[in-house]
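What follows is the residue order along each chain.
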Amino acid sequence: MTKVITYGTFDLLHQGHINLLKRAKALGDWLIVGVTTDNFDLERGKLNTCDNVMKRIDAVRATGLADEIIIEEYRGQKIDDIHKYGVDIFAIGSDWEGYFDYLKEFCKVVYLPRTEGISSTMLRQEQAVLQLGIIGTGSIARRFVDESKFVNSISVAAAFNPDKAKAEAFCKDKEVSLATDSLDELLAGCDSVYVASPHYTHYDYVKAALEAGKHVLCETPLVLESAQAEELFALAKKQGKVLMMAHKTAYCPAFGHLVSLLQSGAIGEIVDFNAATTTITDMKSEKMDSARFGGSMNENACFPLLPILRLFGTDVKKVHFVSKMKDGVDIYTKGLMLFDNACANFEVGLGAKTEGSLVVSGTKGYAYVPAPWWKTEYFELRYEDQNQNKKYFYPFAGEGLRYEIKEFASATMSDGYFYSKLPEKEIIAMTKIQEAFNKKENLTILK
Ligand code: C2G
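Numbers given for residues are sequential positions, taken from 1 along each chain in its written order. A pLDDT threshold of at least 70 governs which residues receive local features in this predicted model, and a stricter bar of 80 or more applies before side-chain atom pairs are shown or counted, although totals over entire chains, interfaces and linings include all residues. Note that water and hydrogens are dropped before the side-chain values are worked out from all heavy atoms of the structure.

Chemist: Break down the pattern of salt bridges for me, with residues and values.
Modeler: Here, a salt bridge means any Lys or Arg side-chain nitrogen found within 4 Å of an Asp or Glu carboxyl oxygen. Under the definition given, this model contains 24 salt bridges. For Asp-173, the salt bridge is made with Arg-142, and the minimal N-O distance between the two is 2.2 Å. Here Arg-142 lies in helix H6 (residues 139-148) and Asp-173 lies in helix H7 (residues 164-174), a separation of 31 residues in the sequence. The rule is simple: take the accessible area with a 1.4 Å probe, protein chains only, and divide by the maximum for that residue type; under 20% is buried, over 50% is exposed, in between is partly exposed. You can call Asp-173 partly exposed: its relative accessible area is 47%. Residue class for Arg-142 comes out partly exposed when judged on its relative accessible area of 29%. Ionic pairing is found between Arg-382 and Glu-380, a salt bridge with its closest N-O pair at 3.1 Å. Accessibility expressed as a relative area gives 8% for Glu-380, which makes it buried. Strands are runs of DSSP state E lasting at least 2 residues, helices are runs of H or I lasting at least 4, and numbering of each runs from the N terminus.

Right under this line is the structure:
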């Protein structure tokens, strides 16, 4: 039996893919098709994929041409697969001519003619592009516009600021066509909204956008009261719209893999956790304004709370906070969280600096992510026997916002296939902890 293998993303599966699969199948008796995972595509710089891996696998299966479907998740896997499946022929489209010659050492390599005049890129361009309106025109919104250019299914169409001059300056600088100080005008000019205004305004803007039937991506923290978070998620469901919280760590390739490695027992049972996210900020900045719910917990707690709640679950037994205050805001807060079978502590700061690393301790070893861990590019699993230590490397492109933007675009375009990398339950749990802090529950204030 001659075994043939081919690989691809197979996004928006089209006739070009079908022809390729037919040609590959004709080379032998058994066709194995490797479909790239979403993470692998992100890693190799393919950020514009519309369909997620499950949808792409289903599409390949529906052609009836594949005898076996596998997923491709890392560079170098092709060599492993050739050995593992006893492959005789590796086949791929002629756009890759020469690129896979290194596989000739292991099996026959065939470059098949590519079908001209059709491609996923062309189909993506024909697809509706999400017209996005931005609420708030501060520094994060500026970075967002730059990063959105890497995701071609999104176009920033409008920006709102209650101060029209600010909206106009932003739009001129970032080449956005509509600058407005009218929320109605913004909502009329887009089909999705990115909320990047001060925290305390999030609730009203998200609610207005959802009520107007828009998909919403909102900056951290979504809101500062858990009842509001619950209400907004219920509203999103009722409206059939996506509500996502922006969080550059949650959607980047390394974080997801770190968590799944730890959940699979790579360091044994997890007993303790520590992570810090501190950024020295100007005391005059809005982030330090107590009237605007500034301060370290409101600004930065979503970062350490993400891995804590992911690893230990949302059933938090106890939280204790210790803060150093200045002008009514916490310039530094340490949190101790107790779960049934583990504890976690974190530090957040806008007015004090500490090492921004992350350590997860387990019964067999520990995970170490160097600072700034929230832009994870690299982490290590370390053991008593140092020979067992492992290093893991990942891309973290640009400011990292492109991952969440891509995720948001895919979510709005998927019909039922979407699984959020930052689920509602975790966002509500994060909000509860920030709310407890704002209510000064179990808070010790240092002199
Ligand atoms: N293809 C084709 N004709 C087209 C478009 C694509 O023959 N008009 C072929 C490609 O050459 C490839 C396959 O269809 O062999 C899948 O294409 P993509 O989905 O674009 O995947 P690609 O990024 O080429 O993945 O490990 C992944 C592989 O290296 C290739």
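Chemist: A description of the side chain of Asp-11 should follow, citing residues and the corresponding values.
Modeler: Within the secondary structure, Asp-11 sits in the loop between strand S1 (3-8) and helix H1 (15-25). Any pair of N or O atoms that falls within 3.5 Å is considered a polar contact. Within protein, one atom must be able to donate a hydrogen and the other to accept it, and sequence-neighbouring residues count only if both atoms are side-chain atoms. Of the polar contacts made by the side chain of Asp-11, one reaches the backbone nitrogen of Cys-50; its length is 2.8 Å. Once residues lying within four places of it in the same chain are set aside, the contact partners of Asp-11 are His-17, Asn-48, Thr-49, Cys-50, Asp-51, Arg-56, Ser-120 and Arg-124. In this analysis, two residues are considered to be in contact whenever any of their non-hydrogen atoms come within 4.5 Å of each other.

Chemist: Any chance you could break down a negative patch on the surface for me, citing the residues and the numbers?
Modeler: Each patch groups residues whose relative accessible area exceeds 30% and which form no salt bridge, using 9 Å between like charges and 5 Å between nonpolar side chains of Val, Leu, Ile, Met, Phe, Trp and Tyr. Here, Shrake-Rupley sampling with a 1.4 Å probe gives the accessible areas, and only protein chains in the shown set may cover a residue. Note on charges: Lys and Arg go in the positive column, Asp and Glu in the negative column, and His and the chain ends are not counted at all. Where a charge sits is defined by one atom per residue type, namely NZ (Lys), CZ (Arg), CG (Asp) or CD (Glu). Judged by side-chain charge, Asp-163, Glu-168, Asp-181 and Glu-185 come together as a negatively charged surface patch. In this fold, Glu-168 is placed in helix H7.

Chemist: Describe the domain arrangement of the chain, and please don't skip the residues or the numbers.
Modeler: Interface size is commonly expressed as the accessible area that is lost once the parts come together. Throughout the structure description, domain borders are defined by an automatic or database domain assignment. We note that the domain assignment places domain 1 (3-122), domain 2 (128-245) and domain 3 (249-446) within the chain. Here the C-alpha centre of domain 3 lies 37 Å away from the C-alpha centre of domain 1. Tallying the contact residues gives 10 residues for domain 1 and 11 residues for domain 3. Here domain 1 and domain 3 share 0 salt bridges between them.

Chemist: How would you sum up helix H3 (residues 53-62)? Please name residues and give values.
Modeler: Taken together, the buried positions of H3 are Val-53, Arg-56, Ile-57 and Val-60. One face of H3 carries all of its buried residues, which in axial projection span an arc of 100 degrees. Elements that come into contact with the buried residues of H3 comprise H1, strand S2 (30-36), helix H2 (38-43) and strand S3 (68-72). Regarding H3, its N-cap is Asn-52, as a side-chain oxygen of that residue lies 3.1 Å from the backbone nitrogen of Met-54 further along. Following H3 by one or two positions, Gly-64 has its phi on the positive side, about 70 degrees. The arc in question is the one traced by the directions running from the helix axis out to the C-beta atoms.

Chemist: An account of the site of the ligand is needed here, citing residue identities and associated values.
Modeler: Distances are taken per atom, and a residue is near a molecule or strand as soon as one of its heavy atoms is within 4 Å of it. Close to the ligand lie 21 residues, the nearest being Lys-46, Glu-72, Lys-78, Asp-95 and Ile-118. In this structure, Arg-44 approaches the ligand through a side-chain N or O atom, which is 3.0 Å from an oxygen atom. Of all the elements in the fold, those that place two or more residues in the shell around the ligand are S1, H1 and strand S4 (89-93). At 3 residues, H1 tops the list of elements feeding residues into the shell around the ligand. Amino acids are sorted into nonpolar (Ala, Val, Leu, Ile, Met, Phe, Trp, Tyr, Cys and Pro), charged (Asp, Glu, Lys and Arg) and polar (every other residue, Gly among them). When the residues that make up the shell around the ligand are grouped by side-chain class, the tally is 7 nonpolar, 8 polar and 6 charged.

Chemist: Account for the environment of Met-54, naming residues and giving values.
Modeler: Along the chain, Met-54 turns up in helix H3. C-alpha separation for the pair Met-54 and Val-35, spaced 19 residues apart in sequence, amounts to 9.5 Å.

Chemist: Which residues make up the nonpolar core, and what values go with them?
Modeler: Burial of nonpolar side chains together is a common tendency in soluble globular proteins. The biggest cluster of nonpolar side chains holds 106 residues, and the ones touching the most others in it are Ile-134, Leu-222 and Met-337. It is helix H13 (residues 302-312) that contributes the most residues to this core, 8 residues altogether. Counting contributing residues per domain, this core is built from domain 2 (128-245) and domain 3 (249-446), each supplying no fewer than three. The residues touching Met-337, leaving out its near neighbours within four places in the chain, are Leu-305, Ile-308, Leu-309, Val-316, Lys-318, Val-319, Ala-342, Cys-343, Ala-344, Phe-346 and Ile-433. To form a nonpolar core, buried Ala, Val, Leu, Ile, Met, Phe, Trp, Tyr and Cys residues must be joined to one another through side-chain atoms within 4.5 Å. Core analysis: the next-biggest nonpolar cluster, separate from the first, contains 16 residues, Leu-21, Val-33, Val-53 and Ala-91 among them.

Chemist: An account of the pairing of S4 is needed here, citing residue identities and associated values.
Modeler: Regular strands place their side chains on alternate faces of the sheet. The buried count for S4 comes to 5 of 5 residues, which makes it a mostly enclosed element. By the alternation rule, side chains of S4 split into Ile-89, Ala-91 and Gly-93 and Phe-90 and Ile-92, which are all buried. When S1 meets S4, the two strands line up parallel, connected through 2 bridges. In the strand pairing of S4, Ile-5 is matched with Phe-90. Here S4 pairs with strand S5 (residues 108-112) via 5 bridges, running parallel. Along S5, the bridge assignment pairs Gly-93 with Leu-112. Between any two strands, at least two bridges found by DSSP are needed for them to pair.

Chemist: I'd love a proper account of the packing of aromatic side chains, names of residues and values included.
Modeler: Given two aromatic rings, one states the distance between the centres and the angle between the planes to describe the pair. Planes of paired rings set the category: under 30 degrees apart is stacked, over 60 is edge-to-face and the rest tilted, where pairs are Phe, Tyr or Trp rings (Trp by its six-membered ring) whose centres lie within 6.5 Å. Within the structure shown, the criterion is met by 16 aromatic pairs. A ring pair is formed by Phe-160 and Tyr-205, whose centres lie 5.7 Å apart and whose planes are at 75 degrees; its orientation type is edge-to-face. Linking Phe-160 in strand S7 (residues 154-160) with Tyr-205 in helix H9 (residues 202-211), this pair joins segments that are 45 residues apart in sequence. Given the relative accessible area of 5%, Phe-160 is considered buried. Centre to centre, the rings of Trp-373 and Trp-374 are 6.1 Å apart; their planes meet at 90 degrees, and the pair counts as edge-to-face. The class of Trp-373 is buried, set by a relative accessible area of 1%. Above the ring of Tyr-7, the side-chain terminus of Lys-78 is found at 4.8 Å from the ring centroid. Here, a charge over a ring means that NZ of Lys or CZ of Arg falls within 6 Å of the ring centre while also lying within 35 degrees of the ring normal. Above the plane of the ring of Phe-150 lies Arg-402, whose end atom (NZ or CZ) is 3.6 Å from the centre.

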